[in-house]
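# A structural walkthrough
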Amino acid sequence: MDQFLAFGIVGLSTAAVYAVIGSGLVLTHTTTGIFNFAHGAAGMMAAFSYWQLTTGWGVPVPVALAIVLLVLAPLSGLLVERALRAVQGLGDAEKLVMTVALLSGLIATARWIWDPMRARTLPTFFADAEPIRLGAATVTWHQALTMLVAIAVAVALRVLLFNTRTGAEMRATVDDRALAGLTGADPVRANRVAWILGIELAAVGGILIAPTVSLDASTLSLLIVSAYTAAIFGRLRSLPMTFLGAIVVGLMESYLTGYLPQNEYLPGLRLAAPALLLFAALLLFPHGRLRGRDRKLSPVPTPSRSGALFFAAVIVILGLIVATTLGESDLIAYGPMFAFGVIALSFVPLSGYAGQISLCQLSMAGIGAIAYGQLAPDGELWGLFAAVAISALAGTVIAIPALRLSGVYLALGTAAFAVVLDRWIFTLPSFDIAGVEISFFDQGSVEIFGPNLFGLRLDTAAGITVFAAVCLAVATLGVAALRRGRFGRRLIALRDSEAAYATLGGNLLRAKVAVFALSAGLAGLGGALFGMQMGSVTPEQFNFVAGLPIFLVAVFAGLGALGNGLFVGVALYGPMLAIPVLFPSTENLIHVLPALAGIAFGGGVVSHGAVARIREGFEAAIRNRVTLVLMVAVPAALWLVRLAGVIDGWMFFWGSFLAVFAIRIWANNREQRADAGEPDVPVEWWGVKRPWRPEDKEVLDHAITSGRQ
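### A few points about the overall build of the protein chain
Looking only at helices and strands, the protein chain has 31 helices and 10 strands in total. The buried share among the 709 residues of the protein chain stands at 51%. Within the protein chain, residue pairs in contact and separated by at least 24 positions form 76% of the contacts whose partners lie at least 6 positions apart.

Written as structure tokens, this is what we have:
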């Protein structure tokens, strides 16, 4: 009984932190309509700032607390409110992208400022004071302070929301923003107060929990999963239910720590328990009805057969160029661009066509890598198809519960699934089921070899790179055919309005299962290809945080664009790797770029995606056969010169790059002159010669029409 009481006290103190953080999350969501995925990262930054002031610079604790909680946290709240104001009236996707970008960017920034290889700890408050004794159990003053803070927060929020004008404005803004403005309330001020208080509560929670866990950017940021669970208990609206959910989560974690059987299979279950509970809460608690048409949907163009074939050929040629111009070590570094291109391409049918948000595509890639590595130890080709099938099966596991979820709830569900894989499934040792041995990473790494293509063994980085490029090209053609086909049109209808799709006789379950399975299969293929390129893979390469940059760059590229895969692969394994090699001082800055790309898209800086913008810039050159041939012929000629050893790789790259863009500029200028209507022969009018004007065409057309009459 004494042990039960002791673990209960620990659980209640942890629950108090989750309640504080979760209440801030609910406050911002109910007031602004934005679910802040970066809420935990804000608490993480506050904890690191507090450590820097106290341990790093020797600032007294009271002064450090005042700086963090009264200066830095409110300023951060104002900055976040200002950044997210642009997406206030947009759809769920844009809001989600902005907050996920903030999450990824804050983690990257923290690792930039505070070296992740250095261990850091924070002392508890009143560490030297005698603990409070409750019978055989003891309560530290830090635990008591944490629970008192949670009670104070609950009382203060109650008073604020129901006994002040500001609270009335905040509640009115939730009910009807426009009507609240007509009655004299200030929705902008209500949002600003909500964000300041929300970030303030995240900072308080981060400082309180940091002494009990590792001071690590990812660890602290993902503690928010437990607060997510508490917020979902309150259905993102009720603060009392949020506190109740926090108590459930805190006690569950504590009692699992104390009473979970000690064996090699269950330690990860305690770490994954909040994510499992979050997934269960999402499925059990009722949420919004089927969504109708989003307020802002980007068009999804239908690719032509000739255009898709040409683009696929470009991918294969690029693979050949990369394989023949880079050395073995460089290919290991840059070659995975095609494998990651396949993973990124999996977002196109799922998010671009069907409008389903997923944050676990890299986890699906990890399943594919594991399946291929375990089933095909000698690179058997059938193992690749088996890896795709197993990944697709994992996709259906998400799809069936996803029928109840949409928007931010679906994003939360897929994030919870990814965290469960990270913290538990991928860490399991091998085990037997009905005499069949099941093995994941087996608490280490998985070796993966190149495929055996009908007796031809691809065991070099160059061969695997070309094979991955061919796979990306074939997958791109398949996605293009899907968009032109009947099922692709059904997915577009599903994206436009789930309610209308179901009303007109569409089978939501069948459509979601099919598209989730297809997308997961593509991601699994990419994971297997990535494993071949690297030679061995570890769980850390497929964790939730590692998948965020892929999602953000894919969104920036344009989720409905056929060139999404190649763009993401080249962006992540091209300049982002090459620039730090040339300029080492930019290494940390490069890791922040995916977050900046997500913020640029969410803020409307890049409309319809970067791929569409690039295509628009090259349309004039593509329409003209001469310039199209030149854009292919010049790099091909430089490639042959490079193979002959006359020039090096950098001269080939920059020569091709400058030549293609020079041809593009020339083609655009030529088309603009043609559109301006400046013929070689000037117009003669009453003996005076002058250039042709656009108005002359109207005069000529009118004269021709009059003559016919």
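That shown, we press on.
### Quick look at the environment of Ile67
Structurally, Ile67 can be placed in helix H3 (residues 61-84). The spacing of Ile67 and Leu53 is 14 residues in sequence and 8.9 Å in space, taken between C-alpha atoms. Filtering out sequence-adjacent residues up to four positions away, Ile67 remains in contact with Leu53 and Leu72.

### Regarding the packing of helix H10 (residues 224-233) against helix H11 (residues 239-259)
At their nearest, the axes of H10 and H11 sit 7 Å apart, and the two run at 140° to each other. Considering their axes alone, H10 and H11 lie oblique with respect to each other. H10 and H11 meet at a crossing whose hand is right-handed. Contacts from Ser226, Thr229, Ala230, Ala231 and Phe233 in H10 reach Met241, Thr242, Gly245, Ala246, Val248, Val249 and Glu253 in H11. Counted by class, the contact of H10 with H11 contains 7 nonpolar, 4 polar and 1 charged residues.

### Some details on the packing of helix H15 (residues 337-345) against helix H23 (residues 508-534)
Orientation of H15 relative to H23, taken along the N-to-C sense of each, is 165°, at an axis distance of 7 Å. One element, H15, and the other, H23, form an angle in the roughly antiparallel class. H23 is crossed by H15, and the crossing has left-handed handedness. Taken together, the residues of H23 that come into contact with H15 (itself represented by Ala339, Phe340, Val342, Ile343 and Leu345) are Leu522, Ala523, Leu525, Gly526, Gly527, Leu529 and Phe530. Per-class residue counts for the contact of H15 with H23 are 10 nonpolar, 2 polar and no charged.

### Notes on the packing of aromatic side chains
Inspection of the entire model under this criterion finds 20 aromatic pairs. Seen in terms of ring centroids, Phe340 and Phe530 are 5.1 Å apart; in terms of plane orientation they differ by 85°. Their pairing is edge-to-face. Pair noted here: Phe340 is in helix H15 and Phe530 is in helix H23, with a separation of 190 residues, a long-range link. This pair shows no difference in class: Phe340 is buried, exactly as Phe530 is. Consider the rings of Phe618 and Phe661, whose centres lie 5.6 Å apart with planes at 75°: the pair is edge-to-face. With a gap of 43 residues between them, Phe618 in helix H28 (residues 610-623) and Phe661 in helix H30 (residues 649-676) connect regions that are remote in the sequence. Over the ring of Trp51 we find Arg120, and its NZ or CZ is 5.0 Å from the ring centre.

### Examining the pattern of salt bridges
For the structure on display, the rule yields 1 salt bridge. In this structure, Arg495 and Asp496 form a salt bridge, with 3.9 Å as the shortest nitrogen-oxygen distance. Since its relative accessible area comes to 11%, Arg495 is described here as buried. Given the relative accessible area of 22%, Asp496 is considered partly exposed.

### Thoughts on the side chain of Ser13
The residue Ser13 is located in helix H1 (residues 2-32) in this model. When near neighbours in sequence (up to four residues on either side) are disregarded, Ser13 contacts Gln143, Thr146 and Met147.

### Description of the environment of Glu200
Its place among the elements puts Glu200 in helix H8 (residues 187-209). Overall, the relative accessible area of 16% leaves Glu200 in the buried class. Taking the C-alpha atoms as reference points, Glu200 and Leu70, separated by 130 residues in sequence, lie 8.4 Å from one another.

### A few points about the side chain of Gln533
Inspection of the secondary structure puts Gln533 in helix H23. Polar contacts involving the side chain of Gln533 include one to the side chain of Thr465, which spans 3.1 Å. Sequence-distant contacts of Gln533, that is, excluding residues within four places in its chain, are made with Leu331, Ile332, Gly335, Pro336, Ala461, Ile464 and Thr465.

### Concerning unusual backbone geometry
Despite not being glycine, Arg235 shows a phi value in the positive range, around 55°. In this structure, Arg235 sits in the loop between H10 and H11. What makes Arg235 partly exposed here is its relative accessible area of 31%. Positive phi outside glycine occurs at Leu236, with the angle close to 60°. Residue position: Leu236 is located in the loop between H10 and H11. In this structure Leu236 comes out as buried when scored by relative accessible area, which is 0%.

### Quick word on a nonpolar patch on the surface
Nonpolar side chains collect at one region of the surface, where Ile579, Leu582, Phe583, Trp650, Phe653, Trp654, Phe657, Leu658 and Phe661 lie side by side and expose about 890 Å² of accessible area between them. Residue assignment for the nonpolar patch shows that the elements contributing at least two residues are helix H26 (575-582) and H30. Looking at the secondary structure, you find Ile579 in helix H26.

### Section: the nonpolar core
Across soluble globular proteins, nonpolar side chains have a tendency to be buried as a group. By size, the foremost hydrophobic cluster in this structure holds 194 residues, and its most contacted members are Phe37, Met364 and Phe544. Here Met364 is in contact with Ser391, Ala394, Gly395, Ile398, Phe417, Leu421, Ala520, Ala523 and Gly524, once residues within four sequence places are set aside. Phe618, Ala621, Met631 and Val660 belong to the second largest nonpolar core, which has 7 residues in total.

### Remarks on the confidence of the model for the protein chain
Parts of the prediction with low pLDDT should not have their coordinates interpreted in detail. Chain-level statistics for the protein chain give a pLDDT mean of 83 and a share of 88% at 70 or above. Segment residues 289-295 is flagged for pLDDT under 50; beyond a separation of four residues in sequence, or across chains, it makes 23 contacts in the model. The low-confidence segment residues 684-689 (pLDDT under 50) makes 4 contacts with residues lying over four places distant or belonging to another chain.

The rules behind the values
- Residues numbered from 1 in each chain as written.
- Predicted model: local features only at pLDDT ≥ 70, side-chain atom pairs only at ≥ 80, totals over all residues.
- Heavy atoms only, no water.
- Helix = DSSP H or I, 4+ residues; strand = E, 2+ residues; numbered from the N terminus.
- Buried < 20%, exposed > 50% of the residue type's maximum accessible area, 1.4 Å probe, protein only.
- Contact = heavy atoms within 4.5 Å.
- Axes fitted to C-alpha atoms, helices over the stretch in contact; angles between N-to-C directions.
- Parallel < 35°, antiparallel > 145°, perpendicular 65-115°, else oblique.
- Left-handed = near helix turned anticlockwise from the far one by under 90°.
- Nonpolar A, V, L, I, M, F, W, Y, C, P; charged D, E, K, R; others polar.
- Phe/Tyr/Trp six-rings, centres within 6.5 Å; stacked < 30°, edge-to-face > 60°.
- Lys NZ or Arg CZ within 6 Å of the ring centre and 35° of its normal.
- Salt bridge = Lys/Arg side-chain N within 4 Å of Asp/Glu carboxyl O.
- Polar contact = N/O pair within 3.5 Å; in protein donor to acceptor, adjacent residues only side chain to side chain.
- Patch = residues over 30% accessible without salt bridge, like charges linked within 9 Å, V, L, I, M, F, W, Y side chains within 5 Å.
- Areas by Shrake-Rupley, 256 points an atom, 1.4 Å probe, with all protein chains shown as cover.
- Core = buried A, V, L, I, M, F, W, Y, C linked by side-chain atoms within 4.5 Å.
- pLDDT = per-residue confidence, 0-100.

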